[in-house]
Amino acid sequence: MCRHLGWLGEPVSIASLVLDPPCGLRVQSYAPRRQKHGLINADGWGVGFFDRDEVRRWRSASPLWGDVSFASVSPALRSNCVVAAVRSATVGMPIEASASAPFSDGNWLLSHNGVVDRRVLPVSAAAESTVDSAMLAALIFERGPENLADTIVDVGAADPSARLNIVMANGSRLLATTWGDSLSVLRRDDGVVLASEPYDDHPDWEDIPDRHLVDVSSAGQVTMTPLKGSS
Ligand code: GLN
């Protein structure tokens, strides 16, 4: 499983979210604290953010911990809305920059932590890679982010062993699902963080129960709803 993070709030530097925290994605790339599937996340990484209305992405098929260019430039990159991930590739999946989250349709950034049988997903020309996560992202974009909950429940029914943990954002809204892996929320004075695991030991981190939809508004309102058909 990968580890991912979403931010919606005041503009902050990418480094402050991804590299600086004591247990942030950089450390999670080699020493995650809560990872149950896979040991390290060395098969690539990606950061996507909104620059006014423009989606910008920086993705790689190499480990995040060794990227000195990203470490140098990311303190100067600032955004109010960020989706970032480090990747542990599922066996048999391609290792290439286009298989690293976040995926995008030009309006949304999306990260998938988990696995899904590609045979239950439609083949889409819009998928950025043949990795299961890119095919799932294409389906979510096609069915519409408003229908994220239904799409996850439907895919989960088609593949009962799937793990379908999503973080996605469009610059003014952050959506997430929990389906088979952990997610925590941190409400800060300047915004909201969603992360596979807390990036530090701040007491305000709250665990989100499994099989939930999380909806974060630009006003910082966090809504959690159980996913239909969940036990
Ligand atoms: N199945 C996806 C991949 O291979 C995601 C893997 C993960 O969550 N570790 O990239």
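Owing to the predicted nature of the structure, the values given are computational and were not obtained by experimental measurement. (Residues numbered from 1 in each chain as written. Predicted model: local features only at pLDDT ≥ 70, side-chain atom pairs only at ≥ 80, totals over all residues. Heavy atoms only, no water.)

A.B. asks: Explain helix α5 (residues 148-158) to me, and be specific about the residues and the numbers.
C.D. replies: Each α-helix turn comprises 3.6 residues. Residues three or four places apart therefore point the same way. Among the residues of α5, Leu148, Thr151, Ile152, Val153, Val155 and Gly156 are the ones counted as buried. In the core, the buried residues of α5 are packed alongside α4 (132-143), β7 (163-169), β8 (173-178) and β12 (212-217). (Buried < 20%, exposed > 50% of the residue type's maximum accessible area, 1.4 Å probe, protein only. Helix = DSSP H or I, 4+ residues; strand = E, 2+ residues; numbered from the N terminus. Contact = heavy atoms within 4.5 Å.)

A.B. asks: Summarise the pairing of strand β4 (residues 78-86); cite the residues concerned and give the values.
C.D. replies: Most of β4 is tucked away: seven of the nine residues are buried. As paired strands, strand β1 (residues 3-13) and β4 are joined by eight bridges and run antiparallel to one another. Paired with His4 across the bridge in β4 is Ala85. Summarising the sheet, strand β2 (residues 45-51) and β4 pair through five bridges and their orientation is antiparallel. Looking at β4, one finds that Val47 is bridged to Ala84. (Pairing = 2+ DSSP bridges.)

A.B. asks: Hey, could you go over the sheet that holds strand β10 (residues 191-195) for me, with residue numbers and the actual values?
C.D. replies: Pairing within the open sheet is antiparallel, and its seven strands lie in the order β3-β2-β4-β1-β10-β9-β11. Only two strands of the sheet have a single partner each, and these edge strands are β3 (54-60) and β11 (206-207).

A.B. asks: Explain the packing of α4 against α5 to me, using residue names and the numbers behind them.
C.D. replies: Interhelical geometry of α4 versus α5 gives an angle of 135° and a closest axis separation of 9 Å. Judged by the inter-axis angle, α4 sits oblique to α5. Where α4 crosses over α5, the handedness of that crossing is right-handed. Seen from α4, the contacting residues are Leu136, Leu139, Ile140 and Arg143; seen from α5, they are Leu148, Asp150, Thr151, Ile152, Asp154 and Val155. Along the lines of polarity and charge, the residues of the contact of α4 with α5 split into six nonpolar, one polar and three charged. (Axes fitted to C-alpha atoms, helices over the stretch in contact; angles between N-to-C directions. Parallel < 35°, antiparallel > 145°, perpendicular 65-115°, else oblique. Left-handed = near helix turned anticlockwise from the far one by under 90°. Nonpolar A, V, L, I, M, F, W, Y, C, P; charged D, E, K, R; others polar.)

A.B. asks: Describe in detail the state of the cysteines, supporting the description with residues and values.
C.D. replies: Tallying each qualifying case throughout the model produces zero disulfides. A disulfide-free cysteine, Cys23 has its sulfur positioned 18 Å from the sulfur of Cys2, the nearest such atom. Judged by its relative accessible area of 16%, Cys23 falls in the buried class. (Disulfide = S-S within 2.5 Å.)

A.B. asks: Give a detailed account of a nonpolar patch on the surface, specifying residues and quantitative values.
C.D. replies: On the surface, Tyr30, Leu39, Ile40 and Trp65 cluster together into a nonpolar patch covering about 450 Å² of accessible area. Among the structural elements, Trp65 can be located in the loop between β3 and α3 (68-73). The class of Trp65 is partly exposed, set by a relative accessible area of 39%. (Patch = residues over 30% accessible without salt bridge, like charges linked within 9 Å, V, L, I, M, F, W, Y side chains within 5 Å. Areas by Shrake-Rupley, 256 points an atom, 1.4 Å probe, with all protein chains shown as cover. Salt bridge = Lys/Arg side-chain N within 4 Å of Asp/Glu carboxyl O.)

A.B. asks: How would you summarise the packing of aromatic side chains if you had to cite specific residues and measurements?
C.D. replies: One pass over the full model with this rule turns up five aromatic pairs. Each ring, one from Trp45 and one from Trp58, has its centre 6.0 Å from the other, and the planes form 50°; the classification is tilted. You can see Trp45 sitting in strand β2 and its partner Trp58 sitting in strand β3, a full 13 residues away along the chain. Take Trp45: its relative accessible area is 1%, and that puts it in the buried class. Owing to a relative accessible area of 27%, Trp58 belongs among the partly exposed residues under this scheme. A centroid spacing of 4.6 Å and a plane angle of 45° characterise the contact between Trp45 and Phe70, whose relative ring orientation is tilted. With Trp45 in strand β2 and Phe70 in helix α3, this residue pair connects regions lying 25 residues apart in the sequence. (Phe/Tyr/Trp six-rings, centres within 6.5 Å; stacked < 30°, edge-to-face > 60°.)

A.B. asks: Could you give an account of the side chain of Ser88, naming the residues involved and the relevant values?
C.D. replies: Inspection of the secondary structure puts Ser88 in the loop between β4 and β5 (103-104). Ser88 gets classed as buried once you look at its relative accessible area, which sits at 13%. One polar contact links the side chain of Ser88 to the main-chain carbonyl oxygen of Ile40, over a distance of 3.5 Å. (Polar contact = N/O pair within 3.5 Å; in protein donor to acceptor, adjacent residues only side chain to side chain.)

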